[in-house]
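# Topology and contacts: notes
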Amino acid sequence: MDARRLDLLDPMEVAQLGDLEFQARGVVEGFLAGSHRSPFRGFSVEFAEHRPYQPGDDLRYLDWKGYARADRATIKQFESETNLRAMLLLDTSASMAWSGAPHRLTKLAYAQRLAAALGLVLLSQRDATGLIAFDDAVRVLLPARARTRQRWALLAALSRLVPGHGTAAGQALERVTDLLRRRGLVVLISDLLFDRTLAMRLLQYLRHRGHQVLVFHIMDPAERDLGGPPEARFEDLESRRSVVVRPREFRAAYGAAVEAAIGAWRSACRRNGIGYAHVTTDMPFGVALRHALARRTRLG
Amino acid sequence: MISFLQPLALLALVAAAGPALLHLFQRRVPPVVPFPAVQYLQDAAERHSRRLRLRNLLLLILRTAILLLLVLAAARPVARVPVAGGHAPVALALVVDHSLSSGAVVGGALVLDTLVARARRILNAASTDDRLWIVLADGVPRRASRPEAERVLADLLPVAGRLDLGEAVRAAAHVLQGDGLPGRVIVLSDNQATAWSPGVVSVPVLVWEATAPAVNRGLDSARAIPGIWTGRGRVQAAVGGTGGAAAIRLDVAGSVRARLLASPGDVVELEATLPAGWYAAKVLLDGDELRADDERHVVIRVMPPTPAQVHAGAGPFVSAGVDVLRESGRLAAGTQVTLHDQLGSGTRILLPPTDPALIGTLNRELQARGVRWRFGAEIGGGVPASSVLAFDDASVARRHRIEGGEEGVVATVGGTPWIVRAGDVVLVGSRLEPDWTDLPTAAAFLPFLDALINQVAAADAWVVEAWPGARVQLPEGGVRLAGDPNAIAVSGDGVVTAPAAAGVWLAVRGADTVGALVVNADARESPLTPAPARALRAALGPDVRVSDQVSVAEVFATGVARADLTVWLLGLALLMVTIEFVVAARVGRSTGGS
């Protein structure tokens, strides 16, 4: 493996290194190597089993006595921790298949790699992890499992994703509520170009059911800083709605509108105890994962 | 008032349409750009498009204004701006029109008095730094100090002459241009339309118009018919102008000899009988507001019947005609004038001989006598024309070419000499018989024969008509022009300046009267219709103003200040550019800031 830390490389560079599994593993290893404790841990304190120490694991759970006896570092795991069920919700709508520059990944490609890395982190902790990919309907459904083969199934499902059409986040979230009977973790990775009110209502519902919810808001940098020809008809990839503007004249107004939307998502999530991370596609995956970790830690 | 030093630059004003045209041409179909976050763009457009439209309109107006200002600046505009506390030095040319028409009476006062009063007001307002020029009826600009100008005005009277205001203004403009100060020509005149000749003037002209009489009758012309009377004759007079009928009379030496009633447009004849001699007569029209054109001088010369004889070679028609004229007292029996087809002593009226073979002999005799004219080959006929003789509708069928000489042509046919006079010999190109000309059978024959003998052959005097003050060439020099009040000596070349007053001057050599100079006012002074301002601008140029209400301050406005507006316009354009820059930068930077 490359000696460099893939979690801190430019996402486009990471995407050029091997297959999705290779990229995800590289990112996760780099990410875990830079952490002082495991990013996700369970809710319970009832001991279940030992597992080998991994860099980044919280030293509070290191079995010091075992280490003294066998000179081997192990981490104590608790019952509920092994029962964490995580579901990754990935938006594959047409708007996700867009990149503002040739040297950047599309939002979907970025989201694929981010989801793969998250999945590997979760599965490495033996958390049951599943996947729902949706556009205007649920296209892929991989139930949450903690078994070893789940890793390959998850990566294979992510590798096969293709851009869809419109966005129907509500349907995907409703499906999650059916699938996650026990409390668990829901991670939504999307550009959030859909009805915020409806989506927030469903996310609130998940919160009421006791789930932890984490939202990755994926944007291309060109979506924050408007550019283009002196005058252009900007056409929506999903609805085909269009508007003619001169980017030079509208750059500031557009920027304000984008910031307002981001702010609205952020504050809505905060009000409802939902973790929110704004991620741009030029952001190294490790940084994005740390954002997510920070949000989840705050949520407890 | 604003004028432009480089008016051609104004053609570039079409460039002001540039921003608007660019705006229109830029309205092409924009390229389609796929973009996922259109909903944010729509939010921004809804909130800011109205403000953007206003700013774009403001930018369009600013850019158009910048172009307009730059083009106007390139045209070098200048404006006259008042200066507080008097006026800056100015060069003024006062054209005081004291021509004949200034003698008209309006409201009980002479027009000239009004003009002089206005001129004095201008002089009173002039400062010692101003330069003054006075132009009078002779049209010559003269530099004058203020006291000198006032003295000139004090002595000013209406003259019988005409002033060409167009020429006077151009002469004044010429001297002003070399004066170094801002200049203006002030025309104090009744502004007769007939007084303006066209020609562009390069300095501002202000015509301070005085009111003229609404109607005016005048005598356009008067002349004796025939030019030399034999006892009885007529004076033909043409009445011009406007108005009703008036009495017209012929005054000879203070005695009215004929009287008629005539209206403007009439041509009347006043008959009189006078003994032999020279008479300085006047045709008089009842007076109106302009008296100077109500009289016209005319010279009448009355001679006794000329003793004449006819040789058979002149033909039977000539012989019969002379007999009739003798019987009627128009001719006397005698040998002063002989009508013949051969040359001999004494005054001869020479007709071509019947036999063409005799032409050569006759021509040699003419040459021997010092006459340069001779009979040439026989040529075709035509219609005769003469200023002395009348032919009515008679025509010439045959004639000999009369050639060799240059002076003394009395009548022509087809533009070539037909009757000529050389000393005491009169050559006629055709025999006065029906197969040469139908004149002998026409009613005009006897008056023609009368004039040919009494005026062409027997008379050797001249009459020259002239306008007051005009330079004229008399037929002979070394004579004395006797008239009232002074006699005028004429140099040997015969060139003389006509007196400024109308009248008759008889040319006297020794004890003999050899001719007369008749001086009358120019008939173009009679029509008093003022020239419209538009016509004057068309004739003289755009910088001409006509008004009967002028303030003295306006007169000196020329020199008050002639400000070059170019710098101001450029400064304004720079300010506009700055504003445009700020607005454009705000559009690009902070459209959505609030």
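A quick note: this is a predicted structure, and the numbers were derived from the prediction, not measured.

Turning next to the pattern of salt bridges. Opposite charge on two side chains allows them to pair when their charged atoms are near. Residue and element names in this part refer to chain A. Scanning all chains against the criterion turns up 26 salt bridges over all chains. The salt bridge partner of aspartate 136 is arginine 139, with a shortest N-O separation of 2.6 Å. For aspartate 136, a relative accessible area of 34% translates into the label partly exposed. According to the relative accessible area criterion, arginine 139 is partly exposed, its value standing at 48%. A network of salt bridges, in which partner residues are shared, links Lys107, Asp191 and Glu223.

Before going further, it helps to examine the packing of aromatic side chains. Residue and element names in this part refer to chain A. Inspection of the entire model under this criterion finds 10 aromatic pairs over all chains. A centroid spacing of 6.1 Å and a plane angle of 90 degrees characterise the contact between phenylalanine 194 and tryptophan 265, whose relative ring orientation is edge-to-face. In this pair, phenylalanine 194 is assigned in the loop between strand S6 (184-190) and helix H8 (196-208) and tryptophan 265 in helix H10 (residues 247-271), connecting sequence segments 71 residues apart. We classify phenylalanine 194 as buried; its relative accessible area is 13%. When its relative accessible area of 2% is taken as the criterion, tryptophan 265 is described as buried.

Residue and element names in this part refer to chain B. In this model helix H6 (residues 316-327) runs 17 Å from its N-terminal to its C-terminal C-alpha over 12 residues, within 8% of the 16 Å that 1.5 Å per residue would give. Of the residues making up H6, those classed as buried are Val318, Gly321, Val322 and Leu325. Looking straight down H6, one finds its buried side chains confined to an arc of 100 degrees; they lie on one side. Those residues of H6 that are exposed and angled more than 90 degrees off the buried face are Pro316 and Glu327. For H6, the elements touching its buried residues are strand S18 (306-310), strand S19 (331-333), strand S20 (337-340) and helix H8 (445-457).

All names here are of chain B. With respect to the secondary-structure elements, histidine 340 resides in strand S20. Judged by its relative accessible area of 6%, histidine 340 is buried. Among the polar contacts made by the side chain of histidine 340, one reaches the side chain of aspartate 341 at a distance of 3.0 Å. In this view, histidine 340 contacts His311, Gly313, Ala314, Arg348, Ile349, Leu350 and Leu351; residues no more than four positions away in its chain are not counted.

Time to look at the layout of surface pockets. Residues and elements named next belong to chain B. Considering only enclosed or pocket space, the largest pocket measures out at about 1500 Å³ in volume. Around the largest pocket, the lining comprises 47 residues; the ones closest to its centre are Gly227, Ile228, Ser387, Val388 and Gln455. For the lining of the largest pocket, the secondary-structure elements that each account for two or more residues are strand S11 (217-230), strand S12 (232-241), strand S17 (295-302), strand S25 (409-413), strand S26 (416-422), H8 and strand S28 (462-466). Residues belonging to the lining of the largest pocket are distributed by class as follows: 27 nonpolar, 8 polar and 12 charged.

Here the focus is the interface of chain B and chain A. Listed as interface residues are 29 residues of chain B and, on the opposing side, 32 residues of chain A. Summed over both partners, the interface of chain B with chain A buries about 2800 Å², with 66% contributed by carbon and sulfur atoms. Between the two partners, chain B and chain A, sit 0 salt bridges. Counting every contact that joins chain B to chain A gives 6 residue pairs in polar contact (both at pLDDT 80 or more). At the level of elements, strand S2 (32-34), helix H2 (38-74) and helix H12 (566-590) of chain B are the ones that each hand at least two residues to the side of chain B that touches chain A. Grouping the amino acids of the side of chain B that touches chain A by side-chain chemistry returns 16 nonpolar, 10 polar and 3 charged.

Residues and elements named next belong to chain B. Where H8 bends most, the angle comes to about 25 degrees, and this point is alanine 451. Among the 13 residues of H8, 11 are classified as buried, and the element is accordingly described as predominantly covered. All of the buried residues along H8 are Phe445, Phe448, Leu449, Asp450, Ala451, Leu452, Ile453, Asn454, Gln455, Val456 and Ala457.

Core analysis: the largest hydrophobic core is formed by 54 residues, its most contacted members being Leu89, Val215 and Phe234 of chain A together with Phe35 and Tyr40 of chain B. Per-element tally for this core: the top contributor is H10 of chain A, with 10 residues. Once you skip the residues sitting within four places of it in the chain, valine 215 of chain A turns out to touch Leu188, Leu192, Leu203, Cys269, Ile274, Gly275, Tyr276 and Ala277 of chain A. Leu9, Ala116, Phe216 and Val279 of chain A belong to the second largest nonpolar core, which has 50 residues in total.

This part covers the sheet that holds strand S8 (residues 232-235) of chain A. If you trace the 3 strands from one edge of the open sheet to the other, you get S9(A)-S8(A)-S2(B), paired in mixed fashion. With partners counted over all chains shown, the strands left at the sheet margins are strand S9 (242-245) of chain A together with S2 of chain B, one partner each. Neighbour-to-neighbour, the strand axes of the sheet open up by a mean angle of 30 degrees, direction not taken into account. Bridge count for S8 of chain A against S2 of chain B is 3 bridges, and the pairing is parallel. Paired with glutamate 235 of chain A across the strands is proline 34 of chain B, a residue of S2 of chain B. Against the sheet, H2 of chain B makes contact with S8 and S9 of chain A, and its axis sits at roughly 50 degrees relative to S9 of chain A, the strand it touches most.

Rules used in this analysis
- Residues numbered from 1 in each chain as written.
- Chains lettered and ligands numbered in written order.
- Predicted model: local features only at pLDDT ≥ 70, side-chain atom pairs only at ≥ 80, totals over all residues.
- Heavy atoms only, no water.
- Salt bridge = Lys/Arg side-chain N within 4 Å of Asp/Glu carboxyl O.
- Buried < 20%, exposed > 50% of the residue type's maximum accessible area, 1.4 Å probe, protein only.
- Phe/Tyr/Trp six-rings, centres within 6.5 Å; stacked < 30°, edge-to-face > 60°.
- Helix = DSSP H or I, 4+ residues; strand = E, 2+ residues; numbered from the N terminus.
- Expected span 1.5 Å × (residues − 1).
- Arc of directions from axis to C-beta.
- Contact = heavy atoms within 4.5 Å.
- Polar contact = N/O pair within 3.5 Å; in protein donor to acceptor, adjacent residues only side chain to side chain.
- 1 Å grid on protein atoms, 1.4 Å probe; cavity = no way out; pocket = protein on both sides within 12 Å on 5 of 7 lines; lining within 4 Å.
- Points joined across faces, edges and corners; volume = space filled by probe spheres on them.
- Nonpolar A, V, L, I, M, F, W, Y, C, P; charged D, E, K, R; others polar.
- Buried area = accessible area lost by both parts, 1.4 Å probe.
- Bend = angle between axes of the 7 residues up to and from the residue.
- Core = buried A, V, L, I, M, F, W, Y, C linked by side-chain atoms within 4.5 Å.
- Pairing = 2+ DSSP bridges.
- Axes fitted to C-alpha atoms, helices over the stretch in contact; angles between N-to-C directions.

Everything listed is a geometric property; what it means functionally is a separate question.
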